[in-house]
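Summary of the model geometry
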Amino acid sequence: MTDACTTVAPHRTAYRVIYGDTDRMGVAYYANYLRWFEIGRNELLREAGVPYKEIEGRGIMLPVAEATCKYMVSAAYDDELIIETGIDFSVRARLKLVYTLYRKADMAVLAVGHTLHACLGENGKVIRPPTFLVAALKKCCLPGGS
């Protein structure tokens, strides 16, 4: 987990690298790491009881305003990955999710990164993260749910 994350117990999701994720050398294509971050984000929201479909159903959109990925070690075909996803609750006006990607076999850190999300209301204007979403994430991610 990255240092900026204030989440003590991040969410973990497993994923196995498929052939379509790789190049001819069997190495994962670099852009797939952002897809894997998205998988982790979606599963964290689902675990928190607010799947993205429900958030959108409430008229809230969470477009990515910024994404980073620092690559350490390549993932390869058939590697089982652990996608660790947490929330940086120190960011108040937006949602910042932080990610660490591990290879399960040896727990090598393959990549670390984050995504920063704006919150848009039904009118498309920027709003603060809605109370229902922040409360659900805190309940899911912070010890004692506070």
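In this report, the structure presented in the accompanying data block is examined. (Residues numbered from 1 in each chain as written. Predicted model: local features only at pLDDT ≥ 70, side-chain atom pairs only at ≥ 80, totals over all residues. Heavy atoms only, no water.)

Side note on the sheet that holds strand E1 (residues 11-16)
The criterion, for reference: Whether two strands pair comes down to DSSP finding at least two bridges between them. Per the convention used, a helix needs a DSSP run of H or I reaching at least four residues, while a strand needs a run of E reaching at least two, with both numbered from the N terminus. A fitted line through C-alpha atoms represents every axis, and for helices the fit uses only the stretch in contact; the resulting angles, taken between N-to-C directions, go from 0 to 180 degrees.
Ordered by their spatial adjacency, 5 strands build an open sheet running E1-E3-E4-E5-E2, and the pairing between neighbours is antiparallel. Either end of the sheet is taken by a strand with one partner, and the two such strands are E1 and strand E2 (64-71). Taken pair by pair, the neighbouring strands of this sheet meet at an average axis angle of 20°, ignoring direction. Bridge analysis of E1 against strand E3 (residues 80-87) gives 6 bridges, and the strand direction is antiparallel.

Section: the pattern of salt bridges
Note on pairing: side chains with opposite charge can pair once their charged atoms come close. Definition in use: The salt bridge definition used is simple: a Lys or Arg side-chain nitrogen within 4 Å of an Asp or Glu carboxyl oxygen. Three labels apply to residues, based on accessible area from a 1.4 Å probe with only protein chains included: buried if under 20% of the type maximum, exposed if over 50%, partly exposed otherwise in between.
Applying the stated criterion across every chain, the model contains 10 salt bridges. For glutamate 80, the salt bridge goes to lysine 104, with nearest N and O atoms at 3.8 Å. Linking glutamate 80 in strand E3 with lysine 104 in the loop between strand E4 (95-103) and strand E5 (108-117), this pair joins segments that are 24 residues apart in sequence. Look at glutamate 80 and you get partly exposed, because its relative accessible area is 26%. Classification of lysine 104 as partly exposed rests on a relative accessible area of 43%.

Section: the nonpolar core
Put simply, the rule reads: Among buried residues, the Ala, Val, Leu, Ile, Met, Phe, Trp, Tyr and Cys ones that are joined through side-chain atoms within 4.5 Å form a nonpolar core. Any two residues whose heavy atoms approach within 4.5 Å at even a single point are treated as in contact.
Core analysis: the largest hydrophobic core is formed by 19 residues, its most contacted members being Val50, Ile55, Leu62, Ile87, Leu95, Leu133 and Leu137. Where this core is concerned, the elements lending two or more residues are helix H1 (32-47), E4 and helix H3 (131-141). Of all the elements, H3 adds the most residues to this core, at 4 residues. The residues contacting leucine 62, other than those within four sequence positions of it, are Tyr52, Ile55, Leu95, His117, Ala118, Cys119 and Leu133. With 12 residues, the next largest nonpolar core counts Val17, Trp36, Leu101 and Ala111 among its residues.

Regarding the packing of aromatic side chains
Operational definition: Note on aromatic contacts: the rings of Phe and Tyr and the six-membered ring of Trp form a pair at centre separations within 6.5 Å, being stacked when their planes are under 30 degrees apart, edge-to-face when over 60 apart, and tilted otherwise.
Counting across every chain of the model gives 6 aromatic pairs. On the numbers, 4.8 Å between centres and 55° between planes, the contact of tyrosine 29 with tyrosine 30 is tilted. On the basis of relative accessibility, which here comes to 51%, the residue tyrosine 30 falls in the exposed class. On the basis of an interplanar angle of 5° and a centroid distance of 4.5 Å, the ring pair of phenylalanine 37 and tyrosine 99 is categorised as stacked. Linking phenylalanine 37 in helix H1 with tyrosine 99 in strand E4, this pair joins segments that are 62 residues apart in sequence.

A few points about the side chain of histidine 114
Test applied: Side-chain atoms alone can form a polar contact between residues adjacent in sequence; in general such a contact is a pair of N or O atoms within 3.5 Å, and within protein one must be able to donate a hydrogen while the other accepts it.
You can see histidine 114 is positioned in strand E5. Within polar-contact distance, the side chain of histidine 114 engages the side chain of glutamate 66 at 2.6 Å. One polar contact links histidine 114 to threonine 68, side chain to side chain, over a distance of 2.9 Å. Apart from residues lying up to four places away in sequence, histidine 114 is in contact with Glu66, Ala67, Thr68, Lys96, Leu97, Val98 and Tyr99.

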